[in-house]
Amino acid sequence: MEKNVPETPPDVEAKVTDEASAQTAEAPLSLDDEIVEIKKLLETEPEDFQAQCRLGEVYFAKGMLDEAYANVSKAIEIAEGVRAQMAESLAMYYANLGTILATQGKLDEAMEQFRKALSINPRDVLALFNLGRARFDQDDYMEAKDLYERLVDVTPEDPIAWFQLGKVYEKLEQRNVSDLHTIDAAIMAYRRVLELDPHNLEAAFALMEIHMNMRKPDEAIIILENAVQNNPDEPLAYYNLISTYEKTKRFAEADQTRQRLKARFASRRPAESKDK
(Lines give C-alpha, C1' and ligand atoms only; values in the text may rest on other atoms or scores of the structure.)
Protein backbone atom coordinates (compact mmCIF):
# COMPACT_ATOMS: atom_id res chain seq x y z
CA MET A 1 0.00 0.00 0.00
CA GLU A 2 1.46 3.28 -1.06
CA LYS A 3 1.93 5.96 1.54
CA ASN A 4 0.48 9.32 0.76
CA VAL A 5 3.23 11.96 1.02
CA PRO A 6 1.68 15.19 2.11
CA GLU A 7 2.18 17.99 -0.32
CA THR A 8 4.04 21.11 0.77
CA PRO A 9 1.59 23.98 1.07
CA PRO A 10 2.06 26.58 -1.65
CA ASP A 11 2.72 29.39 0.85
CA VAL A 12 5.54 27.38 2.41
CA GLU A 13 7.12 26.77 -0.97
CA ALA A 14 6.98 30.51 -1.73
CA LYS A 15 8.58 31.32 1.59
CA VAL A 16 11.40 28.86 1.05
CA THR A 17 11.99 30.21 -2.45
CA ASP A 18 12.11 33.82 -1.17
CA GLU A 19 14.58 32.90 1.56
CA ALA A 20 16.83 31.16 -0.96
CA SER A 21 16.70 34.20 -3.22
CA ALA A 22 17.50 36.50 -0.32
CA GLN A 23 20.48 34.41 0.68
CA THR A 24 21.71 34.51 -2.91
CA ALA A 25 21.23 38.29 -3.09
CA GLU A 26 22.97 38.85 0.23
CA ALA A 27 26.01 36.78 -0.68
CA PRO A 28 28.98 39.12 -0.32
CA LEU A 29 30.94 40.11 -3.41
CA SER A 30 34.40 38.75 -3.77
CA LEU A 31 37.15 41.34 -3.40
CA ASP A 32 37.79 41.27 -7.13
CA ASP A 33 34.11 41.77 -7.90
CA GLU A 34 33.92 44.64 -5.42
CA ILE A 35 36.88 46.32 -7.10
CA VAL A 36 35.08 46.08 -10.44
CA GLU A 37 31.87 47.56 -8.98
CA ILE A 38 33.62 50.43 -7.18
CA LYS A 39 35.59 51.32 -10.30
CA LYS A 40 32.33 51.48 -12.25
CA LEU A 41 30.95 53.87 -9.66
CA LEU A 42 34.07 56.04 -9.75
CA GLU A 43 33.85 56.36 -13.53
CA THR A 44 30.69 58.42 -13.03
CA GLU A 45 31.44 59.80 -9.54
CA PRO A 46 35.23 60.34 -9.34
CA GLU A 47 34.83 62.75 -6.39
CA ASP A 48 33.07 60.17 -4.20
CA PHE A 49 35.65 60.07 -1.42
CA GLN A 50 33.87 57.27 0.42
CA ALA A 51 34.10 55.06 -2.65
CA GLN A 52 37.75 56.01 -3.10
CA CYS A 53 38.44 55.07 0.51
CA ARG A 54 36.57 51.75 0.22
CA LEU A 55 38.55 50.89 -2.89
CA GLY A 56 41.72 51.53 -0.91
CA GLU A 57 40.47 49.23 1.85
CA VAL A 58 39.75 46.45 -0.64
CA TYR A 59 43.19 46.82 -2.19
CA PHE A 60 44.67 46.65 1.31
CA ALA A 61 42.75 43.44 2.01
CA LYS A 62 44.26 41.97 -1.16
CA GLY A 63 47.73 43.05 -0.12
CA MET A 64 47.98 45.61 -2.93
CA LEU A 65 49.53 48.30 -0.76
CA ASP A 66 50.58 50.79 -3.45
CA GLU A 67 47.08 50.84 -4.89
CA ALA A 68 45.60 51.09 -1.38
CA TYR A 69 47.83 54.05 -0.57
CA ALA A 70 46.91 55.85 -3.80
CA ASN A 71 43.16 55.51 -3.30
CA VAL A 72 43.09 56.39 0.39
CA SER A 73 45.29 59.43 -0.36
CA LYS A 74 42.83 60.46 -3.07
CA ALA A 75 39.94 60.02 -0.63
CA ILE A 76 41.68 62.29 1.87
CA GLU A 77 42.39 64.91 -0.80
CA ILE A 78 38.75 65.01 -1.88
CA ALA A 79 37.41 65.02 1.70
CA GLU A 80 39.77 67.83 2.71
CA GLY A 81 38.51 69.86 -0.24
CA VAL A 82 34.92 69.30 0.81
CA ARG A 83 35.77 70.26 4.39
CA ALA A 84 37.44 73.49 3.22
CA GLN A 85 34.41 74.39 1.10
CA MET A 86 32.08 73.70 4.00
CA ALA A 87 34.21 75.81 6.32
CA GLU A 88 34.15 78.74 3.86
CA SER A 89 30.39 78.43 3.53
CA LEU A 90 29.84 78.23 7.29
CA ALA A 91 32.06 81.27 7.86
CA MET A 92 30.08 83.16 5.23
CA TYR A 93 26.82 82.29 6.99
CA TYR A 94 28.13 83.63 10.31
CA ALA A 95 29.37 86.78 8.56
CA ASN A 96 25.98 87.28 6.92
CA LEU A 97 24.27 86.84 10.29
CA GLY A 98 26.64 89.41 11.78
CA THR A 99 25.79 91.85 9.00
CA ILE A 100 22.08 91.47 9.72
CA LEU A 101 22.65 92.08 13.44
CA ALA A 102 24.84 95.11 12.74
CA THR A 103 22.13 96.56 10.50
CA GLN A 104 19.70 96.09 13.40
CA GLY A 105 22.06 98.06 15.63
CA LYS A 106 23.04 94.99 17.69
CA LEU A 107 26.75 95.65 17.38
CA ASP A 108 28.03 93.43 20.19
CA GLU A 109 26.08 90.44 18.88
CA ALA A 110 27.21 91.25 15.35
CA MET A 111 30.87 91.30 16.37
CA GLU A 112 30.43 87.93 18.06
CA GLN A 113 29.21 86.46 14.76
CA PHE A 114 32.06 88.06 12.81
CA ARG A 115 34.55 86.54 15.26
CA LYS A 116 32.91 83.12 14.84
CA ALA A 117 33.27 83.49 11.08
CA LEU A 118 36.96 84.34 11.40
CA SER A 119 37.59 81.45 13.80
CA ILE A 120 36.40 79.15 11.02
CA ASN A 121 37.88 81.01 8.06
CA PRO A 122 40.45 83.68 9.01
CA ARG A 123 40.31 85.01 5.44
CA ASP A 124 36.58 85.73 5.28
CA VAL A 125 36.41 89.11 3.55
CA LEU A 126 33.02 90.23 4.85
CA ALA A 127 33.87 89.40 8.47
CA LEU A 128 37.28 91.11 8.27
CA PHE A 129 35.79 94.25 6.75
CA ASN A 130 32.78 94.59 9.02
CA LEU A 131 34.57 93.68 12.23
CA GLY A 132 37.32 96.13 11.29
CA ARG A 133 34.77 98.86 10.73
CA ALA A 134 33.06 98.07 14.03
CA ARG A 135 36.34 98.26 15.94
CA PHE A 136 37.22 101.51 14.14
CA ASP A 137 33.87 103.02 15.14
CA GLN A 138 34.56 101.97 18.74
CA ASP A 139 37.98 103.66 18.62
CA ASP A 140 39.86 100.37 18.89
CA TYR A 141 42.28 101.33 16.14
CA MET A 142 44.89 98.72 16.95
CA GLU A 143 42.52 95.82 16.37
CA ALA A 144 41.05 97.61 13.35
CA LYS A 145 44.59 97.91 11.96
CA ASP A 146 45.23 94.20 12.37
CA LEU A 147 41.93 93.32 10.72
CA TYR A 148 42.40 95.65 7.77
CA GLU A 149 46.00 94.58 7.27
CA ARG A 150 44.72 91.02 7.01
CA LEU A 151 42.00 92.21 4.66
CA VAL A 152 44.38 93.85 2.17
CA ASP A 153 46.49 90.71 2.30
CA VAL A 154 43.41 88.72 1.24
CA THR A 155 42.12 91.31 -1.28
CA PRO A 156 45.16 93.33 -2.42
CA GLU A 157 43.25 94.74 -5.41
CA ASP A 158 40.37 96.19 -3.39
CA PRO A 159 40.63 99.99 -3.11
CA ILE A 160 37.97 100.13 -0.38
CA ALA A 161 40.04 97.88 1.89
CA TRP A 162 43.13 100.05 1.35
CA PHE A 163 41.13 103.21 2.03
CA GLN A 164 39.88 101.85 5.36
CA LEU A 165 43.42 100.87 6.28
CA GLY A 166 44.63 104.38 5.42
CA LYS A 167 42.03 105.87 7.76
CA VAL A 168 43.21 103.60 10.57
CA TYR A 169 46.85 104.56 10.02
CA GLU A 170 45.89 108.23 10.16
CA LYS A 171 44.18 107.73 13.51
CA LEU A 172 47.14 105.82 14.94
CA GLU A 173 49.45 108.69 14.00
CA GLN A 174 47.67 110.94 16.48
CA ARG A 175 49.66 111.26 19.68
CA ASN A 176 46.59 110.91 21.88
CA VAL A 177 45.81 107.57 20.23
CA SER A 178 49.11 105.71 19.99
CA ASP A 179 52.87 106.06 19.99
CA LEU A 180 53.12 104.55 16.53
CA HIS A 181 54.41 106.55 13.58
CA THR A 182 52.06 105.47 10.83
CA ILE A 183 51.66 108.53 8.62
CA ASP A 184 53.94 107.11 5.93
CA ALA A 185 51.88 103.93 5.99
CA ALA A 186 48.72 106.05 5.60
CA ILE A 187 50.22 107.82 2.58
CA MET A 188 51.17 104.48 1.06
CA ALA A 189 47.65 103.12 1.62
CA TYR A 190 45.94 106.14 0.03
CA ARG A 191 48.35 106.07 -2.91
CA ARG A 192 47.47 102.41 -3.39
CA VAL A 193 43.79 103.39 -3.48
CA LEU A 194 44.50 105.86 -6.27
CA GLU A 195 46.53 103.30 -8.19
CA LEU A 196 43.55 100.95 -8.12
CA ASP A 197 40.88 103.64 -8.49
CA PRO A 198 42.19 106.94 -9.92
CA HIS A 199 38.71 108.47 -9.61
CA ASN A 200 38.58 108.07 -5.82
CA LEU A 201 38.24 111.64 -4.53
CA GLU A 202 38.12 110.66 -0.86
CA ALA A 203 41.61 109.19 -1.06
CA ALA A 204 42.86 112.19 -3.04
CA PHE A 205 41.50 114.66 -0.49
CA ALA A 206 42.87 112.61 2.41
CA LEU A 207 46.33 112.66 0.81
CA MET A 208 46.03 116.38 0.16
CA GLU A 209 45.26 117.02 3.83
CA ILE A 210 48.20 114.91 4.98
CA HIS A 211 50.65 116.68 2.68
CA MET A 212 49.35 120.09 3.69
CA ASN A 213 49.70 119.20 7.37
CA MET A 214 53.24 118.02 6.66
CA ARG A 215 53.90 121.36 4.94
CA LYS A 216 54.39 119.76 1.58
CA PRO A 217 52.02 121.85 -0.56
CA ASP A 218 53.67 120.87 -3.83
CA GLU A 219 52.82 117.23 -3.13
CA ALA A 220 49.26 118.21 -2.27
CA ILE A 221 48.91 120.16 -5.52
CA ILE A 222 50.15 117.24 -7.61
CA ILE A 223 47.55 115.01 -5.99
CA LEU A 224 44.76 117.50 -6.66
CA GLU A 225 45.84 118.20 -10.24
CA ASN A 226 45.59 114.47 -10.88
CA ALA A 227 42.22 114.42 -9.16
CA VAL A 228 40.91 117.09 -11.54
CA GLN A 229 42.35 115.28 -14.53
CA ASN A 230 40.73 112.00 -13.49
CA ASN A 231 37.44 113.63 -12.43
CA PRO A 232 36.87 116.48 -14.92
CA ASP A 233 33.15 116.65 -14.12
CA GLU A 234 33.54 116.88 -10.34
CA PRO A 235 33.43 120.54 -9.19
CA LEU A 236 34.75 119.61 -5.74
CA ALA A 237 38.06 118.52 -7.26
CA TYR A 238 38.46 121.96 -8.87
CA TYR A 239 37.46 123.82 -5.70
CA ASN A 240 40.04 121.99 -3.61
CA LEU A 241 42.74 122.62 -6.18
CA ILE A 242 41.85 126.32 -6.39
CA SER A 243 41.90 126.62 -2.60
CA THR A 244 45.29 124.91 -2.36
CA TYR A 245 46.74 127.14 -5.07
CA GLU A 246 45.54 130.19 -3.15
CA LYS A 247 46.95 128.91 0.16
CA THR A 248 50.34 128.59 -1.49
CA LYS A 249 50.02 132.02 -3.16
CA ARG A 250 49.91 130.55 -6.65
CA PHE A 251 47.14 132.94 -7.62
CA ALA A 252 47.63 132.79 -11.38
CA GLU A 253 47.17 129.03 -11.38
CA ALA A 254 44.16 129.41 -9.11
CA ASP A 255 42.56 131.81 -11.62
CA GLN A 256 43.36 129.51 -14.52
CA THR A 257 41.74 126.60 -12.75
CA ARG A 258 38.70 128.74 -11.92
CA GLN A 259 38.35 129.60 -15.60
CA ARG A 260 38.67 125.92 -16.54
CA LEU A 261 35.90 125.15 -14.10
CA LYS A 262 33.61 127.83 -15.54
CA ALA A 263 34.33 126.78 -19.10
CA ARG A 264 33.77 123.14 -18.31
CA PHE A 265 30.34 123.67 -16.84
CA ALA A 266 29.30 126.50 -19.14
CA SER A 267 29.78 124.14 -22.09
CA ARG A 268 27.47 121.64 -20.41
CA ARG A 269 24.57 123.99 -19.65
CA PRO A 270 23.07 124.23 -23.18
CA ALA A 271 23.07 120.47 -23.54
CA GLU A 272 21.48 120.06 -20.12
CA SER A 273 18.84 122.69 -20.89
CA LYS A 274 18.05 120.99 -24.21
CA ASP A 275 17.63 117.64 -22.41
CA LYS A 276 15.15 119.25 -20.05
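For the structure itself, consult the block above.
Quick look at the structure, then.

### Points about the packing of aromatic side chains
Step number 1: Tallying each qualifying case throughout the model produces 4 aromatic pairs.
Step number 2: Between Phe-163 and Tyr-190, the aromatic rings sit 5.6 Å apart at their centres with planes inclined by 50 degrees, giving tilted as the arrangement. With Phe-163 in helix H8 (residues 159-173) and Tyr-190 in helix H9 (residues 183-196), the pair connects residues that are 27 residues apart, well separated along the chain. The same class applies to Phe-163 as to Tyr-190, namely buried.

### Looking at the packing of H8 against H9
Step number 1: Two numbers describe how H8 lies on H9: the axes approach to 8 Å, and their chain directions differ by 160 degrees. Between H8 and H9, the interaxial angle falls into the category roughly antiparallel. Here H8 runs over H9; the crossing is left-handed. In this structure, H8 uses Pro-159, Trp-162, Phe-163, Gly-166, Lys-167, Tyr-169, Glu-170 and Glu-173 to contact H9, whose residues at the interface are Ile-183, Ala-185, Ala-186, Met-188, Ala-189, Tyr-190, Arg-192, Val-193 and Leu-196.

### Regarding unusual backbone geometry
Apart from glycine, the bulk of residues carry a negative phi angle, and the bulk of peptide bonds sit in the trans form.
Step number 1: A positive phi angle, near 65 degrees, is found at Asp-139, a position not held by glycine.
Step number 2: Along the chain, Asp-139 falls in the loop between helix H6 (125-137) and helix H7 (141-154).
Step number 3: Of note, the phi angle at Arg-215 is positive, near 60 degrees, even though the residue is not glycine.
Step number 4: Relative to the helices and strands, Arg-215 is located in the loop between helix H10 (201-213) and helix H11 (217-230).

### Looking at the nonpolar core
Step number 1: Grouped together as the largest cluster of nonpolar side chains are 57 residues, with contacts concentrated most on Tyr-148, Val-168 and Tyr-190.
Step number 2: When residues in this core are grouped by element, the largest group, 8 residues, is from H10.
Step number 3: For Tyr-148, the contacting residues outside a window of four places in its chain are Leu-128, Phe-129, Gly-132, Arg-133, Gln-164, Leu-165 and Val-168.

Definitions and limits used
- Residues numbered from 1 in each chain as written.
- Predicted model: local features only at pLDDT ≥ 70, side-chain atom pairs only at ≥ 80, totals over all residues.
- Heavy atoms only, no water.
- Phe/Tyr/Trp six-rings, centres within 6.5 Å; stacked < 30°, edge-to-face > 60°.
- Helix = DSSP H or I, 4+ residues; strand = E, 2+ residues; numbered from the N terminus.
- Buried < 20%, exposed > 50% of the residue type's maximum accessible area, 1.4 Å probe, protein only.
- Axes fitted to C-alpha atoms, helices over the stretch in contact; angles between N-to-C directions.
- Parallel < 35°, antiparallel > 145°, perpendicular 65-115°, else oblique.
- Left-handed = near helix turned anticlockwise from the far one by under 90°.
- Contact = heavy atoms within 4.5 Å.
- Core = buried A, V, L, I, M, F, W, Y, C linked by side-chain atoms within 4.5 Å.

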